[in-house]
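# Descriptive structure summary
Chain residues, written in single-letter form:
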Amino acid sequence: MDKYLYWLDRVEGLGPVAKRNLIDAFGEAKNIFQASERHLKYILNDKKLQLFMDAKEQVEIDTAFEELQSKKIHMICFHEEKYPKKLIHIPDPPFALYYKGQLPAERLPAVAVIGARECSSYGEYIASELGKALGQQGIQVISGMAKGIDGISQSAALEAGGISFGVFGCGVDVCYPASNRLLYEELQLKGGILSTYPPGTTPHARLFPPRNRIVSGLADVLVVIEARQRSGTSITVEMALEQGREIYAVPGRITDRLSDGCNKMIKEGAHVFLSPEDFMMDLGALLPVQMDNLRKQQLNIEEKNDTKLTEKEDMMLSISEHRSEEDSISERIYQVLDFYPQSIEEIVEKLVKKYKLQVKQEEISALLMRLCLMGKIKQDSSSWFSKRSKCNYFYDTNI
Amino acid sequence: MFSSILTGGLNGMEAYLLRAEVDISHGLPGFCMVGSLSNEVREAKERIQVALKNAGFDLPPNKITVNLAPAHIRKDGTGYDVPIAVGMLQSLGYFDEKATDGILFTGELGLNGEIKPVHGILPIVRVAAEQGIKCCIVPKENAIEGSVIPGIKVKGVESIVQLVQFLQEESDDEKERILETYQCTLNQIRRSQSESEHADFAEVRGQEMAKRAAEIAAAGFHNLLMSGPPGGGKSMIAQRIPGILPELTDRECLEVSSIYSVAGLLDAEVPLITKRPFQSPHHTISNAALVGGGVRIHPGAISLSHRGVLFLDELTEFPRHILECLRQPLEDHKVSIARANGNFQYPANFMLVCAMNPCKCGYYPDKNRCTCSEKDMIQYWNRLSGPLLDRVDMYVETSRVDLLKLQGNGKEENTATIRKRVEQARSIQEKRFRKKNYTFNSEMKASDMDEFCNLGKAEKQLMELAYTNLKLSARTYHRVLKVSRTIADLDGSERIHEKHISEALLYRLTERNHGNNG
């Protein structure tokens, strides 16, 4: 890492190609900085040369670089040894990558998990299950740390003891969205945060599509969990296809608008994601070398701790124990619930249809609320309920 | 000659008695009125002179002085025409001094001598009766309105000529023949109005949850916020809430009618409000129209919905400063309007019912149709101020109604059945709070909660769990308890059981809605 390189990357108006050419010609960034106009003329056109000379006068090289170091932000350039090999081969590779924490390990498998920000409970559920499975296996999870699918899969992976990397559409020192602060901190410890934008860059809509190419570029396989027909996710998928990455889409009901994007990808030839286990099997075939490396590495590491019920969960279970007569109705209510929100009216209707159960609405309301308090189901909004996704102690995981 | 005639005036909602003093004496001819008069009172001078001339009375070219005493209170309205005219005629000797003893006069004069109706008859007659006045002579259109006050004779008069005839007559029988005494009781008026019923709840298809919430809200007089997609029947439900509220008691009926009387909104045929009022102002309403005010202080929509329902449709469209005005009245059940010329108080004990869409596009939480991001949601809900939402006791979401339900002829409960249950719950509350100065669960003081919302062990445990798991605030905690008290009352249960609490929890306003989690 050197201050002249940092300066070079921040010169406005110079594209990655121009910067690469400069490096090719002068070898070191320091030489470029000190080069005379006469020499530079061979590489840069007049307009770019002007920008270059302006930048030379404006920027305080030392203070900017010190700030970078004090924030523990690393920088890696295209021509350097550690620059991710996978990115070299994508169209339009970035000149420099900024990161906190680590860079993804090249020899280990990496899976990008992406999807809608405003996802449904179904999406939340799949994201957390997949994240957990990947995390337990030690497979690197790459995503954008956005709200919804991105963040959920990443936190699930970290929670399961895995590694994850977040690729930002802003500077790596800017936590966006702010509500993912905890994840932001965790990622720096158990993985890394990457960005092509210099530190301090604030999030902006136009910055996000270009970062999506890094998400898919760093991964071997891309899993799309929920996407509307036209969305940021579909941009990432297009880029992944250009880069030649394998794509898995999680199928959804054809009536769900949030699954339209995924279903369409399947129609167009994406792999179908059936379950985390099924996906893992496929990974073994798709990435034999990386998976083999992973297995070797894991032989050296001790077994992970088995999941235990926390105190709070214990309390909830004990409360749910001492009910009997209402239990059967509760059980049935739980059976008719789904991962997408349903209104109480729908639930009542289903109970009648499925179990011929005639219960007063207010009683069902009360039972629903109790199920909520026990943490079994979720109140999406006042009269809409869905099954909880993160609640693994209650429900059988044989999907 | 000097004369002094009894009449009544209004100061905000409060009526008071005053005297129209008239003096006619020799001097430079002229007409002069004093006593803190507003414009419309000052104009009486022209009306009276012309009306008396056209009715055939000669006014001599003398110095006429009129004073409305007490002179320090500002006088508004047109009801002083008749007493001043009577005073002038008495001073001129058209009838005996004793003829006007113990009679209160009020009314507006037309240029041809006829007497036109005025505002605020009900409170004026009431004050007159309280002060032991025997008889009130009011415009004919107002006579039924005044006659519901017991213990005072109310006569209606059509023209100044008729009035003079009455005052000149000496025998009581003849007097009665000229101006008959109106006798009308509250019950008579109620009976005559019973046919015009409120719209019926049976017309609302589906929406069981919202209907149930409306029933609970009506039983405990809780404020209700409904949110749901457009066209789901929120307004239909709101319009039907007055129908399931118990009938107005006689006292409440007079209270409400007085407000409408002051506002001049009573009907001449059926001059009393016997049904729970329902006010649904458009969101472009001004401050003064909502809480009261204006050049002549006028009761606002919140006072006109006293003892009834104030329905704010499209709540998020109301400008913030308008909604903020509701905070004090919601707390105090009355509104004080302070102006340079005085401080006016109007009662405003209403049930607030609001309706809004759940998000910008209107379809949340139907993820198939709603495209709002979390930020949109937060922005949308932030249009409502926290303090206002704090005063919402119950929150319910309506959903889209199934086509089958719309077309089907499934039996829906009608208003009468629901009202029976509400009335039962009300009588339980009345009994419970008989020693307190309030009547509804929603008004329960925090200090009385321990006494009236006694929880068993299991119930306490449930509340604790809810408090921690659902992150209730202290205020929401109390609100949930009050609503569960009402649900238990509807159930006829002395104690609050777990199921009552669970149901009440469903109607709480969640953090998410406050937009605090962004």
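Cut-offs used in this document
Residues numbered from 1 in each chain as written. Chains lettered and ligands numbered in written order. Predicted model: local features only at pLDDT ≥ 70, side-chain atom pairs only at ≥ 80, totals over all residues. Heavy atoms only, no water. Helix = DSSP H or I, 4+ residues; strand = E, 2+ residues; numbered from the N terminus. Buried < 20%, exposed > 50% of the residue type's maximum accessible area, 1.4 Å probe, protein only. Contact = heavy atoms within 4.5 Å. Areas by Shrake-Rupley, 256 points an atom, 1.4 Å probe, with all protein chains shown as cover. Lys, Arg positive; Asp, Glu negative; His and termini not counted. Charge placed at Lys NZ, Arg CZ, Asp CG, Glu CD. Axes fitted to C-alpha atoms, helices over the stretch in contact; angles between N-to-C directions. Left-handed = near helix turned anticlockwise from the far one by under 90°. Nonpolar A, V, L, I, M, F, W, Y, C, P; charged D, E, K, R; others polar. Domains from an automatic or database assignment. Buried area = accessible area lost by both parts, 1.4 Å probe. Salt bridge = Lys/Arg side-chain N within 4 Å of Asp/Glu carboxyl O. Polar contact = N/O pair within 3.5 Å; in protein donor to acceptor, adjacent residues only side chain to side chain. Pairing = 2+ DSSP bridges. 1 Å grid on protein atoms, 1.4 Å probe; cavity = no way out; pocket = protein on both sides within 12 Å on 5 of 7 lines; lining within 4 Å. Points joined across faces, edges and corners; volume = space filled by probe spheres on them. Disulfide = S-S within 2.5 Å. Core = buried A, V, L, I, M, F, W, Y, C linked by side-chain atoms within 4.5 Å.

## Some details on the overall build of chain A
What chain A contains, in helices and strands, is 19 helices and twelve strands. Over its C-alpha atoms, taken along the principal directions, chain A stretches across nearly 90 × 45 × 40 Å. The buried share of chain A, taken over its 399 residues, is 54%. Taking all contacts inside chain A whose residues are at least 6 apart in sequence as the whole, residues at least 24 apart take part in 71%. When the accessible surface of chain A is summed, it comes to about 19100 Å², and 50% of that surface belongs to carbon and sulfur atoms. Taken as two groups, the 50 positive and 56 negative side-chain charges of chain A have centres that lie 2 Å from each other.

## What about the packing of helix α1 (residues 3-10) of chain A against helix α2 (residues 16-26) of chain A?
All names here are of chain A. At their nearest, the axes of α1 and α2 sit 10 Å apart, and the two run at 145 degrees to each other. Seen from above, α1 lies across α2 with right-handed handedness. Along the contact surface, α1 presents Leu5, Leu8 and Asp9, while α2 presents Lys19, Leu22 and Ile23. Of the residues contributing to the contact of α1 with α2, the split by class is four nonpolar, no polar and two charged.

## Here we look at the domain arrangement of chain A
All names here are of chain A. Domain annotation for chain A reports domain 1 (3-70), domain 2 (110-300) and domain 3 (311-387). The gap between the C-alpha centroids of domain 2 and domain 3 is 32 Å. Contacts between domain 2 and domain 3 engage five residues on the former and six residues on the latter. Across the domain 2/domain 3 interface, buried area totals approximately 460 Å², and carbon plus sulfur atoms make up 52% of it. Joining domain 2 to domain 3, the criterion identifies one salt bridge.

## So, the interface of chain A and chain B
If you look at the interface, chain A gives 33 residues, while chain B gives 34 residues. Of all residues in chain A, A:Glu345, A:Leu373 and A:Ser382 give up the largest surface area on contact with chain B, accounting jointly for 20% of the area buried on that side. In this assembly, chain A and chain B are joined by two salt bridges. One salt bridge in this structure joins B:Arg212 and A:Glu362, with 3.4 Å as the shortest N-O distance. At the boundary of chain A with chain B, the tally comes to eight residue pairs in polar contact (both at pLDDT 80 or more). Broken down by element, the side of chain A that touches chain B gets its largest block of residues, seven residues, from helix α19 (residues 361-373) of chain A.

## Considering the sheet that holds strand β11 (residues 224-227) of chain B
Strands sit in the order β12-β15-β18-β11-β19 (chain B) across an open sheet of five strands; the sheet is parallel. Bordering the open sheet on either side are β12 (278-279) and β19 (394-397) of chain B, each of which pairs with just one other strand.

## Considering the domain arrangement of chain B
Residues and elements named next belong to chain B. Once the domains are mapped, chain B shows domain 1 (2-184) and domain 2 (201-440). Centre-to-centre, using C-alpha coordinates, domain 1 lies 41 Å away from domain 2. Domain 1 puts 18 residues into the contact, and the matching count from domain 2 is 19 residues. Counting the surface lost from both domain 1 and domain 2, the interface buries some 1500 Å², and carbon and sulfur atoms represent 67% of this.

## Details of the pattern of salt bridges
Pairing between side chains becomes possible if they bear opposite charge and their charged atoms approach one another. All names here are of chain B. According to the stated counting rule, one finds 43 salt bridges over all chains in the structure shown. Here Glu255 makes a salt bridge to Arg307, at a shortest N to O gap of 3.1 Å. Residue Glu255 is found in helix α11 (residues 250-263), and its partner Arg307 is found in the loop between α13 (301-304) and β15 (309-312); the two are separated by 52 residues along the sequence. Judged by its relative accessible area of 19%, Glu255 falls in the buried class. Its relative accessible area of 14% is what places Arg307 among the buried residues.

## Some thoughts on the packing of helix α8 (residues 121-137) of chain A against helix α9 (residues 149-159) of chain A
All names here are of chain A. Contact pair α8 / α9: the axes reach a minimum separation of 7 Å and the direction vectors enclose 35 degrees. In this structure, the crossing between α8 and α9 has a hand that is right-handed. Mapping the contact onto sequence places Gly123, Glu124, Ala127, Ser128, Gly131, Lys132 and Gly135 in α8 and Ile149, Ile152, Ser153, Ala156 and Ala157 in α9. Tallied by class, residues from the contact of α8 with α9 come to five nonpolar, five polar and two charged.

## Digging into the sheet that holds strand β12 (residues 384-387) of chain A
Residues and elements named next belong to chain A. The strand order across the open sheet built from three strands is β10-β12-β11, with neighbouring strands paired in antiparallel fashion. Pairing within the sheet leaves two strands with one partner each, and these edge strands are β10 (342-343) and β11 (377-381). Inspection of the sheet shows β10 paired to β12 by two bridges, in the antiparallel sense. Residue Gln342 lies in a different strand from β12, and its bridge partner there is Phe385. Against the sheet, α19 contacts β11 and β12, and its axis sits at roughly 115 degrees relative to β11.

## Quick word on the layout of surface pockets
In this structure, the second largest pocket spans a volume of roughly 960 Å³. Residue lining of the second largest pocket: 28 residues in total, with A:Lys360, A:Gln361, A:Glu362, B:Glu208 and B:Glu413 positioned closest to the centre. Considered class by class, the residues forming the lining of the second largest pocket number seven nonpolar, four polar and 17 charged.

## Some details on the state of the cysteines
Evaluated as defined, the whole model comprises zero disulfides over all chains. No disulfide involves A:Cys262; its nearest neighbouring cysteine sulfur is the one of A:Cys119, lying 12 Å away. Free cysteine: B:Cys354, not disulfide-bonded; nearest cysteine sulfur from B:Cys325 at 14 Å.

## Details of the nonpolar core
A:Ile333, A:Leu368, A:Phe385, B:Leu224, B:Val353 and B:Leu505 are the most contacted members of the largest nonpolar core, which has 75 residues in total. The residues contacting B:Leu505, other than those within four sequence positions of it, are A:Met369, A:Leu373, B:Ala466, B:Leu470, B:Leu472 and B:Val480. Counting residues in each nonpolar core, the second largest holds 73 residues, with B:Leu6, B:Val154, B:Ile259 and B:Ile273 among its members.

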